[in-house]
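Observations on the three-dimensional arrangement
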Amino acid sequence: MGGVASTVAARFAFFPPTPPSYGVEPPPSPAAAAADSEVVELSGVPVARGRGVEARRLPTKRGTEVVAMYVRQPGARLTLLYSHGNAADLGQMYELFVELSTHLNVNLMGYDYSGYGQSSGKPSEQNTYADIEAVYRCLIETYGASEENIILYGQSVGSGPTLDLASQLSHLRAVVLHSPISSGLRVMYPVKHTYWFDIYKNIDKIPLVKCPVLVIHLMRLLTVLMGGHCGSYLK
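As the structure is a computational prediction, the values presented were derived from the model and not from experiment.

Within the fold, Tyr 143 resides in the loop between α4 (125-141) and β7 (150-155). Judged by relative accessible area, which is 12%, Tyr 143 ranks as buried. Taking the C-alpha atoms as reference points, Tyr 143 and Asn 107, separated by 36 residues in sequence, lie 9.9 Å from one another. The residues contacting Tyr 143, other than those within four sequence positions of it, are Glu 54, Arg 56, Tyr 70, Arg 72, Met 109 and Cys 138. Side chain to side chain, Tyr 143 and Arg 56 meet in a polar contact 2.8 Å long.

Below, the discussion takes up the confidence of the model for the chain. Taken residue by residue, the chain gives an average pLDDT of 86. The fraction at 70 or more is 82%. The low-confidence segment residues 221-226, where pLDDT is below 50, has six contacts with residues more than four positions distant or belonging to other chains.

Looking now at the packing of aromatic side chains. Scanning all chains against the criterion turns up nine aromatic pairs. Between Tyr 82 and Tyr 153 the ring centres are 4.4 Å apart and the planes differ by 15°, which places this aromatic pair in the stacked class. Taken together, the residues span a long stretch of sequence, with Tyr 82 in strand β5 (residues 79-83) and Tyr 153 in strand β7 at a distance of 71 residues. Side by side, Tyr 82 and Tyr 153 carry an identical accessibility label, which is buried. Taking the centre distance of 5.5 Å and the plane angle of 15° together, the rings of Tyr 195 and Phe 197 count as stacked. Given the relative accessible area of 36%, Tyr 195 is considered partly exposed. What makes Phe 197 buried here is its relative accessible area of 12%. Through a chain of ring-to-ring contacts, three or more aromatic side chains come together here, namely Phe 14, Tyr 129 and Tyr 200.

In terms of burial, strand β6 (residues 107-111) is a largely internal element, five of the five residues being buried. In β6, alternate side chains face the same way, and those of Asn 107, Met 109 and Tyr 111 on one face and Leu 108 and Gly 110 on the other are all buried. Here four bridges tie strand β4 (residues 65-71) to β6, and the two strands are oriented antiparallel to one another. The residue bridging Met 69 from the neighbouring strand is Gly 110, located in β6. Sheet topology places β5 next to β6; five bridges connect them, and they run parallel. Residue Ser 83 lies in a different strand from β6, and its bridge partner there is Tyr 111. A crossover links β5 with its parallel partner β6, the connecting element being helix α3 (residues 90-104), and its sense is right-handed.

Before going further, it helps to examine helix α5 (residues 159-166). Taking burial as the measure, the eight residues of α5 include eight buried ones, the bulk of the element. Buried within α5 are the following residues: Ser 159, Gly 160, Pro 161, Thr 162, Leu 163, Asp 164, Leu 165 and Ala 166.

Going through the model one piece at a time under the given rule, you end up with five salt bridges. Between Asp 164 and Lys 205 there is a salt bridge, and its shortest N-O distance comes to 2.7 Å. Of the two residues, Asp 164 is situated in helix α5 and Lys 205 in helix α7 (residues 202-205); the sequence distance between them amounts to 41 residues. This pair shows no difference in class: Asp 164 is buried, exactly as Lys 205 is. Note that Asp 198 and Arg 186 form a salt bridge whose closest N and O atoms lie 3.9 Å from each other.

With that settled, consider the pairing of β5. In terms of residue burial, β5 counts as a mostly covered element, since five of its five residues are buried. Of the strand pairs in this sheet, β5 and β7 are connected by five bridges, and their pairing is parallel. Looking at the pairing, Ser 83 lines up with Gly 154 of β7.

Conventions used here
Throughout, residues of each chain are indexed from 1 in the direction in which the sequence is written. Side-chain atom pairs in this predicted model are given and counted only at pLDDT of 80 or more, local residue features only at pLDDT of at least 70, and totals for whole chains, interfaces and linings cover all residues. Only hydrogens and water are set aside; all other atoms, that is, all heavy atoms of the structure, feed into the side-chain values. The helix and strand labels rest on DSSP assignments: H or I over at least four residues marks a helix, E over at least two residues marks a strand, and numbering proceeds from the N terminus. Relative accessibility under 20% of the residue-type maximum defines a buried residue, over 50% an exposed one, and the middle range a partly exposed one, all with a 1.4 Å probe and only protein chains included. Only heavy atoms enter the contact rule, under which two residues are in contact if any of them lie within 4.5 Å. Think of a polar contact as two N or O atoms within 3.5 Å of one another; within protein, one of them needs to be a possible hydrogen donor and the other a possible acceptor, and neighboring residues in sequence only count if both atoms come from side chains. Every residue is assigned a pLDDT by the predictor, reflecting its confidence on a scale from 0 to 100. Aromatic pairs are defined between Phe, Tyr and Trp rings, using the six-membered ring for Trp, whenever the two ring centres lie within 6.5 Å; interplanar angles under 30 degrees are classed as stacked, those over 60 as edge-to-face, and all others as tilted. Here, strands pair whenever DSSP counts at least two bridges between them. A clockwise course of the path from the first strand over the helix to the second, judged with the strands pointing away from the viewer, identifies a crossover as right-handed. Whenever Lys or Arg places a side-chain nitrogen within 4 Å of a carboxyl oxygen from Asp or Glu, that contact is recorded as a salt bridge.

Here it is in structure tokens:
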């Protein structure tokens, strides 16, 4: 029973776009490729036009390689590490990431989970934990970000890796949860207890987060914008 429920929950959780909405190519300059083997070019996305966008392939401790894009905002102190939702990849999120970086005046790092976009491997709960860890390590080691100036942003299924990482770090600037899930099983069934076979046990991890947390939800936003007329949908 437990194994079946866990499998169902995992299958519900992951919907990578098929085919991917973008491609990955080596840098046009052989010198650049030789200088930094992780750097790649994204194809099928709007031309960056000098907007400070850099893409990388990052190895994870579980043997996969995830594709990440870093949007540099000159003069920005804060960095947003964005874990996107289901049925999306970097090609679809590209313009949003660039616009968010500009309007919020932050550096932004977005990435595709294992099995999403041009990242290798297959999507799984444990892989996503390794994915965000590799991206976070890149922010610290390659881009010189500090934990105190990093904001983790997790949307939908992205709330899982976001909260897992946040529960292990003590000095993050903040965490933003956008339409988060309580757990994988709770998305499908109204269970009130945490079972060992569940995935993304966010409801148990959030008390471990030591920084400020903002939870936002589309329906709650609509409620504010419409003067409370959506209240019946939020019960």
